[in-house]
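# Summary of structural features
Here are the chains, one letter per residue:
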Amino acid sequence: MTLDIQEKTLARLGVLGSGKGSNFVALAQACNAGKVPATIAIVISDVPDAGILDRARALGIPACYLPPGPFRTKLDEQSEEAYVAALRDAGVDYVVLAGFMRVLKGRFLRAYPNRVVNIHPSLLPAFRGLEAWKQALDYGVKVTGVTVHFVDEGVDTGPIIAQAAVMVEDDDTPTSLHQRIQEVEHELYPAAVAALVRGELQIEGRKVRRLTRTGR
Ligand code: GRF
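We now turn to the structure provided with this report. (Residues numbered from 1 in each chain as written. Predicted model: local features only at pLDDT ≥ 70, side-chain atom pairs only at ≥ 80, totals over all residues. Heavy atoms only, no water.)

### Overview of the overall build of the protein chain
A tally of regular secondary structure across the protein chain gives 7 helices and 9 strands. Relative to its length of 216 residues, the protein chain is compact, with a C-alpha radius of gyration of 17 Å against a globular reference of 17 Å. In terms of principal-axis extent, the alpha carbons of the protein chain reach across some 55 × 45 × 40 Å. Expressed as a percentage of contacts within the protein chain between residues at least 6 apart in sequence, the contacts between residues at least 24 apart total 63%. Only carbon and sulfur atoms are counted for the fraction: they give 51% of the accessible area of the protein chain, which is about 11,100 Å². Charged side chains in the protein chain number 25 positive and 25 negative. The centres of these two groups are separated by 5 Å. (Helix = DSSP H or I, 4+ residues; strand = E, 2+ residues; numbered from the N terminus. Rg over C-alpha atoms; globule rule 2.2 N^0.38 Å. Contact = heavy atoms within 4.5 Å. Areas by Shrake-Rupley, 256 points an atom, 1.4 Å probe, with all protein chains shown as cover. Lys, Arg positive; Asp, Glu negative; His and termini not counted. Charge placed at Lys NZ, Arg CZ, Asp CG, Glu CD.)

### Description of the packing of aromatic side chains
What describes a pair of aromatic rings is the distance from one ring centre to the other and the angle between the planes of the rings. Tallying each qualifying case throughout the model produces 3 aromatic pairs. Aromatic side chains Tyr83 and Phe100 sit 6.0 Å apart centroid to centroid with 55° between the ring planes, which places their arrangement in the tilted category. A residue pair is termed long-range when its members are at least 10 positions apart, and Tyr83 in helix α4 (residues 77-89) and Phe100 in the loop between β4 (94-97) and α5 (106-111) qualify at 17 residues. Taken as a pair, Tyr83 and Phe100 share a single burial class, namely buried. Geometry around Phe71 places Lys74 over its ring, the cationic atom sitting 4.6 Å from the centre. Note that Arg115 overlies the ring of Tyr94, its terminal NZ or CZ placed 4.6 Å from the centroid. (Phe/Tyr/Trp six-rings, centres within 6.5 Å; stacked < 30°, edge-to-face > 60°. Buried < 20%, exposed > 50% of the residue type's maximum accessible area, 1.4 Å probe, protein only. Lys NZ or Arg CZ within 6 Å of the ring centre and 35° of its normal.)

### Digging into unusual backbone geometry
Pro125 follows Leu124 through a cis peptide bond whose omega is 15°. Structurally, Pro125 is set in the loop between β5 (116-120) and α6 (132-139). We note that Asn114 has phi near 55°; this positive angle belongs to a residue other than glycine. Mapped onto the elements of the fold, Asn114 is located in the loop between α5 and β5. Given a relative accessible area of 53%, Asn114 falls into the exposed group.

Right under this line is the structure:
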């Protein structure tokens, strides 16, 4: 009985990912530890053999591949409908993108207004798009980092929720820099999702205001 009541007060997250799913695992661990008042209801991937699906199943979380349609960088309309239907069937309140390599468009975003978030491996608006850690290294910046943001129809352009810096070292390779960025991601994303599901974030135009501060 107590468990039933607790389950009902937890926000339900749907996680979308195309890759290995390390951010998903960090989020799942934070949910299990009670640091994020949420439960991951479903994991969906556009890649049939994505690591994120195996990792979800290993944790006993429902996980499925949904075909993305014919385009390379977005879902077609039919697929968008199928993704939204699967999320709704799972009772999802918020959608968390964790390495999902496709742009979401109006139909999807209208189904979850201001309820879709993404993590990007740079300090936006610098280095939008693919392999942002490599872009940062090639550009020669001394500081890069991580951004959590709401998702709009652009590529990595939505209102910014949280950012954290990562120093670039002289001897960094793309692999070493990405690894340090990911360590920061695994802290920042659960903290930002916790603020989101607690209703602590207020969007005013491009600005996201944090209503109350909680410990990370
Ligand atoms: C992360 O670096 C994230 O910033 C980007 O995609 C990567 C996903 O990594 N959006 P993982 O699958 O969570 O390990």
